[in-house]
Structure formats: C-alpha cells, structure tokens
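Take a look at the letters that make up each chain.
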Amino acid sequence: MAQLDSSSVALTGTKTFQNYIGGEWVDSASGETFESTSPATGESIGIFPKSTAEDVDRAVAAAKAAVEEWRLVPAPQRGEILYRFANLLTEEKDDLTDLMSHEMGKVKAEAGGDVQEAIDMSLYMAGEGRRMFGQTTPSELRDKFNMSVRQPIGVVGAITPWNFPIAIPSWKIAPALVCGNTVVFKPATDTPALGERFVELFADAGLPAGVLNIVHGGGGAVGDRLVKHPDVRVITLTGSRETGVEVMRNAADGLKHVHLELGGKNAIIVLDDADLELAVEGIVWSAFGTSGQRCTAASRVIVQDGVYEQLQSKLVAVAEKMRLGPGWEDDTDVGPVINKRALEKIHSYTEIGKGEGAKLLTGGEVATDDGLDKGFFYRPTIFGDVDPQMRVAQEEIFGPTTALIRVKDVDEAIRVSNGINYGLSSSIFTRDVNKAFRAMRDLEAGITYINAGTIGAEVHLPFGGTKDTGNGHREAGQAALDVFTEWKSIYVDYSGKLQKAQIDTAS
Ligand code: UN1
C-alpha cells in the first residue's frame with residue numbers, strides 16, 4: 001500500500017502511488033503514470049497512475065456494490081466517521097499545509113485555511129447525520145399521515161480542481177457520504193498527492209471498503225468515463241465553464257443529476273464614502289490571494305470617480321511591495337501559479353489588455369529573479385482605465401490580475417458589476433446603509449459581501465452562483481443536501497379503508 005508521508009514531502013519524489021478501489025490500493029490497468037511537481041521549484045512530489053476507462057469501471061462497480069450496505073448504515077453513524085475524519089485532518093493539519101504549499105503552491109496561511117475549511121465542512125456534515133430533516137405535514141384525509149424524507153441517490157462522481165485541493169473535495173464528498181451515497185473521486189492531475197492523502201485519512205477514519213474510491217488521471221479518460229458511466233447517478237464538478245458544458249451534455253443521455261460550480265468574474269465596488277484603507281486591504285486579499293486562482297477572486301474593481309485616483313495609487317503601492325516566493329517560506333505574499341499553461345494564459349491576458357487600450361499600472365510580467373525562474377511566478381498586475389466591455393473585464397483569467405473600472409455612481413457600479421456572464425461573488429465597500437441594501441438586492445450573484453472582499457465563504461452557507469457560474473445548484477450548508485439526496489414523499493393511511501385524495505375530500 002502506497003502511503004504518502006506528507007511530513008517528508010521533499011523526499012518522496014520517486015515514490016509511486018496507486019488508485020484506491022474497493023478498499024484496495026491498486027495500479028492502473030494502463031500501467032502508465034504521470035508525475036506531480038511543485039509549481040514553485042519543479043521538485044517532484046510523486047508519481048501517480050494515469051488511469052483509464054477500465055479503472056473507472058472497476059471503481060464504479062465497487063461503489064455500486066458498497067452503496068447497498070452504506071445506505072442502510074444509520075446516518076448518525078455515517079456522521080461519526082466524518083467526525084473521526086475531521087479529527088484526523090486536525091491532527092495532520094500542519095503536514096497537509098506543508099504538502100499543499102509544495103504541491104499546489106499557495107502560501108502557508110492559506111493552505112492551512114484550505115485544510116481548516118475541510119475540517120469545518122466535515123464537522124458540519126457530521127452533524128447532519130443527526131438532522132437531515134424532512135417534513136411532516138397534515139393530510140387532507142382523515143387518519144392518514146404524510147411525511148417527506150431525504151434518500152441517497154447512489155454512486156456519485158466527484159471531479160475536483162487543484163485550487164482548493166482539500167477543501168473542495170470535502171464540500172462534495174462529506175455531504176455525499178453522510179447522505180448515504182458512495183463516491184468515485186477524481187482529483188485534479190495538478191494535485192494528486194493531496195487527493196491521495198484525503199482518501200487515506202478517510203480510510204483511517206473507518207470508512208468501509210468501496211464507499212470512497214479514488215481514480216487518478218485526466219479529464220479525457222477518467223472524467224469522461226465517470227460522466228458517461230450508466231451507474232453513476234450524480235456528477236459534481238468544480239471547473240471551467242467549458243468543462244461544465246461538456247459534462248452536462250455528456251450526462252444528458254443518462255439523465256444524471258449534474259451539479260456544476262464554474263467560473264467567476266467577480267467585482268468589488270468602492271463608493272466615494274468607503275473606508276479606503278479597508279477597501280485596499282479587501283481588494284489586495286481578494287485579487288492576489290491564492291495568486292488570484294480562486295473562482296471568487298476579485299478580478300474587477302469598480303471605483304466611484306471621487307476616490308478613483310487615490311485608490312489606484314494606494315493599490316499599486318501595496319501590490320509593488322508584495323513578495324513573490326515559494327508558499328512555504330514565511331515571508332511570501334504571493335505564491336506561484338499552478339503550471340506553465342496557466343502562466344502563459346495569464347500573460348496572454350496582459351497582452352490582450354494592453355492591445356485593448358487598458359493602462360498597465362503595475363506587474364504584467366513573469367517574475368524570474370532570485371530563483372523564481374524555476375517556478376511559475378507572475379507579478380501582481382493591475383490595469384487602470386478599463387472599459388467594462390474589454391476582454392480583461394469580461395473573461396476569467398484565474399491569475400493575479402485585476403482591472404480598475406471608473407464609474408460615476410452606485411447605479412452605474414451595479415450595472416457594470418452585473419454586466420458579465422458569470423455571477424459568483426460580489427462586494428461593495430460603502431458606509432451608506434441604503435446603498436448597501438440596494439447592492440444586496442440588485443447584485444446578480446450567489447454571494448454578496450458588504451465591506452469585505454469577494455473571497456472567504458464559510459461552509460455553513462450555500463456556495464455557488466448565478467448565470468454561467470453554474471446550473472442553479474449550491475454546495476455547502478443545507479443546500480448541499482439537495483445535490484446529494486432525492487426527496488421521497490410517504491403517505492401512511494391508517495383509516496382501514498381506501499381513501500381517494502382530491503375526491504373523498506370534497507364535501
Ligand atoms: C473556489 O475558488 O472555487 O470563498 C472556492 C472562498 C473560499 C472558497 C473558494 N472559501 O474564496
């Protein structure tokens with residue numbers, strides 16, 4: 001059994017890992033592998049199986065067999081395993097944080113936050129084992145009892161991204177399990193070691209064989225088969241809009257439940273009456289935290305005329321002081337971006353922005369100084385005088401780039417904020433309670449922050465967005481239960497005679 005000792009990540013370079021199917025660690029049928037490397041230095045993290053449709057089929061068969069027993073385990077007992085998992089995550093938090101800063105690249109404080117989010121989610125969902133409320137309601141007939149209960153759906157395919165390599169799997173897998181489903185998990189190929197560790201801890205927490213399976217590999221082979229497999233009833237994906245559309249199309253023939261969490265082009269509005277120092281902190285945290293690689297990142301800043309110049313110069317000054325470096329070094333403010341392709345995409349948007357006539361105020365280049373050339377580092381980038389219709393103000397860049405847009409009043413600010421295809425997070429800095437309430441009502445987004453940036457969602461509230469950000473579902477909080485259960489309405493007639501609804505009720 002290949003187990004990853006995350007405390008000695010630097011030494012694990014040549015270690016080869018396996019899939020986990022039906023409670024066994026197994027090689028891929030292909031015998032092929034891929035390597036996970038650190039985006040900060042290129043150091044090897046480990047070798048992982050490049051799995052095939054055959055591996056997916058085996059994992060789905062294991063999950064399908066396991067669900068027959070798992071769905072009958074009382075939900076509070078399923079919750080107990082989530083409590084144990086949360087405790088193991090807590091014990092391993094430092095090691096996982098270290099591994100995450102190496103494999104994914106984010107800075108230590110944020111990596112710790114990522115693990116903490118998974119702990120929080122697991123504890124929250126553990127508690128659901130003793131709630132999972134349905135409704136009881138009067139019947140329209142005498143001597144009859146009505147209720148609705150949540151029921152598990154079956155095998156869930158969970159396809160997760162690299163940007164929250166522990167938190168996002170927990171958002172999907174913890175609720176799926178407590179609701180009585182079994183899971184085949186495909187982690188991103190950029191962060192397989194973290195996905196591996198996540199599953200090991202679940203196995204250590206006492207999850208029965210087959211209830212959670214991991215199949216490593218790319219979207220083409222593994223993801224595609226998972227989405228098309230007739231025995232997978234639910235697909236939950238966090239990824240790009242393009243992948244979401246493809247998944248929905250491929251899942252249509254099987255009439256699967258599809259839960260999609262896609263992109264964002266989130267804006268922070270700063271009005272003339274805002275606390276500017278606070279706004280600057282919120283913008284820097286939301287635009288450059290996680291090197292801008294959050295669906296919730298603030299890649300637009302919509303600023304009212306009266307404070308535009310002042311805000312712009314404060315922001316540029318802070319951005320220019322930010323220190324780039326490996327995530328595990330204490331004084332790093334901005335870690336690397338995930339890979340070369342991402343770095344190239346981010347830089348291409350700098351060229352696009354310049355070509356469109358946006359003013360490059362700072363950044364706009366790959367950082368190569370002081371050994372940073374071994375990794376994928378991009379300087380915090382701010383464009384000024386951006387027109388809301390420019391591509392840099394419309395398309396998701398997923399990097400440390402933000403665009404300043406000047407507006408005359410709150411109406412225009414809300415119009416510009418809404419003038420995109422996505423609708424995940426939104427924010428307004430103002431001291432005027434009337435304007436804040438207008439923003440809460442009128443911003444077309446799944447999340448609105450008042451006097452805070454666009455990032456930092458908590459696990460007990462619904463998470464997700466409107467328009468192209470998804471397909472109407474929400475994860476986290478109570479809303480997650482709707483993704484992973486189906487309602488059953490139950491009617492119990494204790495009258496001893498056949499009573500006909502809608503007919504015998506007529507007086
Ligand atoms: C994401 O980027 O997909 O609210 C998730 C936040 C985090 C989660 C982001 N708690 O920014």
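The residue numbering used here restarts from 1 in each chain and proceeds along that chain's sequence as written. This being a predicted model, a pLDDT of at least 70 is required before a residue's local features are given, and a value of 80 or more before pairs of side-chain atoms are given or counted; all residues contribute to the totals for chains, interfaces and linings. Water and hydrogen atoms were dropped before computing side-chain values, which therefore reflect all heavy atoms in the structure.

## Structural notes on the domain arrangement of the protein
Then step 1. Under the domain assignment, the protein is made up of domain 1 (6-262 + 470-488) and domain 2 (266-450).
Then step 2. Boundary definitions for the domains trace back to an automatic or database domain assignment. Computed over C-alpha atoms only, the centres of domain 1 and domain 2 are separated by 31 Å.
Then step 3. Contact definition: two residues touch when any of their heavy atoms are within 4.5 Å. At the junction of the two partners, domain 1 supplies 24 residues and domain 2 supplies 26 residues.
Then step 4. Across the domain 1/domain 2 interface, buried area totals approximately 2000 Å², and carbon plus sulfur atoms make up 62% of it.
Then step 5. The term salt bridge refers to a side-chain nitrogen of Lys or Arg lying within 4 Å of a carboxyl oxygen of Asp or Glu. The tally of links between domain 1 and domain 2 comes to two salt bridges.
Then step 6. Among the salt bridges present, the one from Glu110 reaches Arg294, with a minimum N-O distance of 3.4 Å.
Then step 7. What qualifies as a polar contact is a pair of N or O atoms within 3.5 Å, subject to a donor-acceptor requirement within protein and to the restriction that residues adjacent in sequence count only when both atoms come from side chains. One can count eight residue pairs in polar contact (both at pLDDT 80 or more) joining domain 1 with domain 2.
Then step 8. Here a strand is any run of E in DSSP of at least two residues, a helix any run of H or I of at least four, and the numbering for each starts at the N terminus. It is helix α3 (residues 93-103) that provides the largest number of residues to the side of domain 1 that touches domain 2, a total of four residues.
Then step 9. The nonpolar class holds Ala, Val, Leu, Ile, Met, Phe, Trp, Tyr, Cys and Pro. Asp, Glu, Lys and Arg form the charged class, and all remaining residues, Gly among them, are polar. Its residues assigned to classes, the side of domain 1 that touches domain 2 shows seven nonpolar, seven polar and ten charged. A simple way to read buried area is as the amount of 1.4 Å-probe accessible surface that goes missing from two parts once joined, with both sides added.

## Comments concerning the packing of helix α12 (residues 410-418) against helix α13 (residues 433-442)
Each pair of packed helices gets described by two things: the angle between the helix axes and the distance between those axes.
Then step 1. Axis angles are defined between N-to-C directions and span 0 to 180 degrees, where every axis is a line fitted to C-alpha atoms and, for a helix, only to the segment in contact. It is at 11 Å that the axes of α12 and α13 come closest, and there the two elements cross at 25°. Judged by the inter-axis angle, α12 sits roughly parallel to α13. In this structure, the crossing between α12 and α13 has a hand that is right-handed. Mapping the contact onto sequence places Val410, Asp411, Ile414 and Asn418 in α12 and Lys435, Arg438, Ala439 and Asp442 in α13.
Then step 2. Taken together, the residues of the contact of α12 with α13 break down into three nonpolar, one polar and four charged. Small angles under 35 degrees read as roughly parallel and large ones over 145 as roughly antiparallel, with 65 to 115 read as roughly perpendicular and the rest as oblique. In this scheme the crossing of two helices becomes right-handed for a clockwise turn of the near helix relative to the far one and left-handed for an anticlockwise turn of less than a right angle.

## Some points on the sheet that holds strand β14 (residues 359-362)
Then step 1. Pairs of strands are assigned from DSSP output, requiring at least two bridges between the strands. The sheet built from seven strands is open, its strands ordered β14-β15-β16-β13-β12-β18-β19 with mixed pairing. Only two strands of the sheet have a single neighbouring strand rather than two, namely β14 and β19 (447-450). The sheet shows a mean angle of 20° between the axes of neighbouring strands, direction not considered.
Then step 2. As judged from the five bridges shared by strand β12 (residues 266-270) and strand β13 (residues 298-304), these two strands associate in the parallel manner. Note on β13: the bridge partner recorded for Ala267 is Arg300.
Then step 3. Here helix α10 (residues 305-321) sits on the sheet and contacts β12, β13, β14, β15 (381-384) and β16 (401-407); the angle it forms with β13, its principal contact strand, is near 145°.

## What about the sheet that holds strand β21 (residues 485-493)?
Then step 1. Pairing in this open sheet of three strands is antiparallel, and the strands run β5-β6-β21 from one edge to the other. Each edge of the sheet is formed by a strand with only one pairing partner; in this case those strands are β5 (135-138) and β21. Taken pair by pair, the neighbouring strands of this sheet meet at an average axis angle of 20°, ignoring direction.

## Remarks on unusual backbone geometry
Peptide bonds are, in most cases, trans, and in most cases residues other than glycine have a negative phi.
Then step 1. One non-glycine residue, Leu255, lies in positive phi territory at about 45°.
Then step 2. By the secondary structure assignment, Leu255 is in the loop between α8 (241-252) and β11 (257-261).
Then step 3. Note on classification: 1.4 Å probe, protein chains only; a residue is buried when its accessible area is under 20% of the maximum for its type, exposed when over 50%, partly exposed between these limits. Take Leu255: its relative accessible area is 70%, and that puts it in the exposed class.
Then step 4. Even without a glycine there, the phi angle at Ala476 is positive, about 70°.
Then step 5. For Ala476, the location among the structural elements is in the loop between β20 (466-467) and α14 (479-484).
Then step 6. A residue is classified by how much of its surface remains accessible, and Ala476, at 2% relative accessible area, is buried.

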